[in-house]
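Coordinate analysis (summary)
What follows is each chain in one-letter form.
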Amino acid sequence: MSHQKKNSISRKGLSEEFKKGEAQVSSLILEGYLLKQQECYEEAADKYAQAATLEEKLCTELSKKGLMDKYYSHFFSAASCWAQAGNIHQAIWMTNQLLRYPNIPERLRRQAEEYQQMLRARRERWFAFLTQSLAPATASES
C-alpha cells in the first residue's frame, strides 16, 4: 500500500539525489557525534558544518517543491548542525527565520524556541567568559 500515513511528512517528488543527500547528512551527523565523544572537536565541528551546508541545500529543493513540513525539519536540523559546529550566531539566526513561518508545526515551534533560548544563554555565558578573560590583559596594558 502506498497510502501516506496521517501524521507523516510527504516525500512526494523527491529525487534519488535528495535521498542520497539525506543519507549523507545522517552519516555526517553521526561521524560528528562520534568524533565529539572521542574529544576530536575540530574534526567534529567540520563534520557538523558539512552537514549544515548540505541540509541548507536540501532545504532549497524542499522549498521549491512546496514540501514545507519536511523543509521545516531540515531547516531546524541545519540550525542545530551549525550550533554543533560552533556557529551559534548562525544557529540563532536560523531559528529566528524558522519561527517566522506561521504554519510551522507547534511541536517544532516549541522545540525551536527552547533551543534558541538555550543557544542565547550559552552565547551570553561565552561573552561573559571572554569579557572576564580579556579584562586583566586590557587593564595591564594601560
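Everything here concerns the structure above.
Everything numeric in this text was worked out from a predicted model, so none of it was measured.

**Quick look at the overall build of the protein chain**
Scanning the protein chain for helices and strands turns up five helices and zero strands. For the protein chain, the sequential pattern of α-helices and β-strands runs α-α-α-α-α. Here the protein chain holds 142 residues, and 32% of them are scored as buried. A fraction of 57% describes how many contacts in the protein chain between residues 6 or more apart in sequence connect residues 24 or more apart.

**So, the side chain of serine 77**
Position of serine 77 relative to the elements: it lies in helix H3 (residues 68-85). For serine 77, a relative accessible area of 17% corresponds to the buried category. Contacts of serine 77, omitting those with residues within four sequence positions, involve Ile29 and Glu55.

**Looking at the packing of aromatic side chains**
With the rule as written, the count across this model stands at six aromatic pairs. The interplanar angle of 75° and the centroid separation of 5.7 Å between the aromatic rings of tyrosine 71 and tyrosine 101 together place this pair among those described as edge-to-face. Separated by 30 residues along the polypeptide, tyrosine 71 in helix H3 and tyrosine 101 in the loop between helix H4 (88-99) and helix H5 (106-141) bring together distant segments of the chain. The exposure class assigned to tyrosine 71 is buried, which follows from its relative accessible area of 9%. Given the relative accessible area of 27%, tyrosine 101 is considered partly exposed.

**Observations concerning a nonpolar patch on the surface**
A cluster of nonpolar residues, Leu30, Tyr33 and Leu34, forms a patch on the protein surface that exposes about 290 Å² of accessible area. Considering the arrangement of structural elements, one finds tyrosine 33 in helix H1 (residues 16-37). A residue is classified by how much of its surface remains accessible, and tyrosine 33, at 41% relative accessible area, is partly exposed.

**Brief notes about the side chain of histidine 74**
Topologically, histidine 74 is positioned in helix H3. At a separation of 2.4 Å, a polar atom in the side chain of histidine 74 contacts the side chain of glutamate 55. Residues within four places of histidine 74 in sequence aside, it is in contact with Phe18, Glu22, Glu55, Leu58, Cys59 and Leu62.

Rules and cut-offs
- Residues numbered from 1 in each chain as written.
- Predicted model: local features only at pLDDT ≥ 70, side-chain atom pairs only at ≥ 80, totals over all residues.
- Heavy atoms only, no water.
- Helix = DSSP H or I, 4+ residues; strand = E, 2+ residues; numbered from the N terminus.
- Buried < 20%, exposed > 50% of the residue type's maximum accessible area, 1.4 Å probe, protein only.
- Contact = heavy atoms within 4.5 Å.
- Phe/Tyr/Trp six-rings, centres within 6.5 Å; stacked < 30°, edge-to-face > 60°.
- Patch = residues over 30% accessible without salt bridge, like charges linked within 9 Å, V, L, I, M, F, W, Y side chains within 5 Å.
- Areas by Shrake-Rupley, 256 points an atom, 1.4 Å probe, with all protein chains shown as cover.
- Salt bridge = Lys/Arg side-chain N within 4 Å of Asp/Glu carboxyl O.
- Polar contact = N/O pair within 3.5 Å; in protein donor to acceptor, adjacent residues only side chain to side chain.

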